[in-house]
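Architecture at a glance
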Amino acid sequence: MRRDLIFIHSAGPQGDDNGSSRLIERLTSRLGTRFDLIAPDMPDPERPDIDAWLSGVDRVVSKASKGAVLVGHSLGGSVILQYLARNPDIWRENKSLSAVFIVASPFWGLTDWEIDEFTLTEDEVRTLEDCKLIHFCHSRDDRIVGFEHFQAYLDHLPSADAIILESAGHLMLDGDIDRLIKKILTYS
């Protein structure tokens with residue numbers, strides 16, 4: 001039986017070569033028939049609202065089959081972390097998810113990234129310390145969300161897994177994403 005892989009896209013325009021579109025295409029191509037990839041359109045991606053996005057994540061996760069894999073790119077990853085922190089029963093008691101991949105996501109609160117609605121609170125970070133499902137993935141050459149964001153997440157959640165890419169950039173348009181693909185495939 002194939003697992004559901006839920007993909008939550010980045011902020012900004014989507015489609016063509018914008019936003020997370022090419023990463024979705026690359027995942028679909030590389031993961032083949034091992035997953036049912038579900039990539040819902042998030043509300044108003046050019047002016048994202050945390051509550052609307054959290055509701056969107058909840059809608060798709062609540063319909064997914066048990067043991068789904070959740071992947072978030074950029075803002076999508078940040079929103080997933082808030083969703084998990086606010087709904088720990090999803091991953092603690094009923095084990096709806098088998099893995100969570102946070103790809104090229106900003107660590108809100110760093111200098112020049114101070115947007116309160118997307119920033120994890122201290123309580124949310126403490127809640128996520130128990131979540132063993134999280135894999136952070138970032139490319140060293142990400143010029144949009146620098147590698148220091150990845151390091152900040154690992155500093156705050158040291159039990160999370162780390163996947164380092166060398167040449168995929170922020171949008172993962174080109175470059176090597178093999179480490180990410182191999183890790184996701186371990187959950188098929």
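Residues numbered from 1 in each chain as written. Predicted model: local features only at pLDDT ≥ 70, side-chain atom pairs only at ≥ 80, totals over all residues. Heavy atoms only, no water.

Along its length, the protein carries six helices and six strands. In sequence order, the protein lays out its α and β elements as β-α-β-α-β-α-β-α-β-α-β-α. Compactness check: the protein gives a C-alpha radius of gyration of 15 Å against a globular reference of 16 Å for 188 residues, within 12% of the reference. Taking all 188 residues of the protein together, the buried fraction comes to 51%. Within the protein, contacts between residues at least 6 apart in sequence are counted, and of these 76% link residues at least 24 apart. For the protein, the exposed area adds up to about 8700 Å²; of that, 47% sits on carbon and sulfur atoms. Positive and negative side-chain charges in the protein, numbering 20 and 31 respectively, have mean positions lying 9 Å apart. (Helix = DSSP H or I, 4+ residues; strand = E, 2+ residues; numbered from the N terminus. Rg over C-alpha atoms; globule rule 2.2 N^0.38 Å. Buried < 20%, exposed > 50% of the residue type's maximum accessible area, 1.4 Å probe, protein only. Contact = heavy atoms within 4.5 Å. Areas by Shrake-Rupley, 256 points an atom, 1.4 Å probe, with all protein chains shown as cover. Lys, Arg positive; Asp, Glu negative; His and termini not counted. Charge placed at Lys NZ, Arg CZ, Asp CG, Glu CD.)

Turning our eyes to something else, we now look at the pattern of salt bridges. Considering all chains together, one arrives at ten salt bridges under this definition. For R86, the salt bridge goes to E124, with nearest N and O atoms at 2.9 Å. Of the two residues, R86 sits in helix α3 (residues 75-86) while E124 sits in helix α4 (residues 122-128), which places them 38 residues apart along the sequence. Classification of R86 as partly exposed rests on a relative accessible area of 41%. Residue D130 is joined to R92 by a salt bridge in which the shortest nitrogen-to-oxygen separation is 3.1 Å. With D130 in the loop between α4 and β5 (134-139) and R92 in the loop between α3 and β4 (97-103), this residue pair connects regions lying 38 residues apart in the sequence. When salt bridges with common partners are traced through the structure, they connect D17, R22 and D174 into a single cluster. (Salt bridge = Lys/Arg side-chain N within 4 Å of Asp/Glu carboxyl O.)

Note on placement: H73 falls in strand β3 (residues 68-73). At 2.7 Å, the side chain of H73 and the side chain of S20 are in polar contact. Here H170 takes part through its backbone oxygen, which lies 2.8 Å from a polar atom of the side chain of H73. When sequence neighbours within four positions are dropped, the list of residues in contact with H73 reads F7, I8, H9, S10, G19, S20, L23, V103, A104, S105, H170 and L171. (Polar contact = N/O pair within 3.5 Å; in protein donor to acceptor, adjacent residues only side chain to side chain.)

Space inside the largest pocket adds up to approximately 220 Å³. Considering the residues around the largest pocket, the lining is formed by 17 residues, among which S10, A11, G12, S74 and L75 are closest to the centre. Residues of the lining of the largest pocket, tallied by class, amount to twelve nonpolar, five polar and no charged. (1 Å grid on protein atoms, 1.4 Å probe; cavity = no way out; pocket = protein on both sides within 12 Å on 5 of 7 lines; lining within 4 Å. Points joined across faces, edges and corners; volume = space filled by probe spheres on them. Nonpolar A, V, L, I, M, F, W, Y, C, P; charged D, E, K, R; others polar.)

The subject of this paragraph is unusual backbone geometry. Positive phi, normally seen in glycine, also occurs at D44, with a value near 45 degrees. Here D44 is to be found in the loop between β2 (35-38) and α2 (50-63). For D44, a relative accessible area of 38% translates into the label partly exposed. With a phi angle near 60 degrees, M172 is a residue other than glycine that sits in the positive phi range.

To continue, consider the pairing of β5. Extensive coverage of β5 is indicated by the burial of six of its six residues. By the alternation rule, side chains of β5 split into I134, F136 and H138 and H135, C137 and S139, which are all buried. Relative to β5, β4 runs parallel, the two being bridged by four bridges. The residue bridging V100 from the neighbouring strand is I134, located in β5. After leaving β4, the chain enters α4 and then returns to the sheet as β5, a path that is right-handed. Both β5 and strand β6 (residues 161-165) contribute to a ladder of five bridges, which runs parallel. Along β6, the bridge assignment pairs S139 with L165. Remark: the β5/helix α5 (residues 147-156)/β6 crossover connection has right-handed handedness. (Pairing = 2+ DSSP bridges. Right-handed = clockwise from strand over helix to strand, strands pointing away.)

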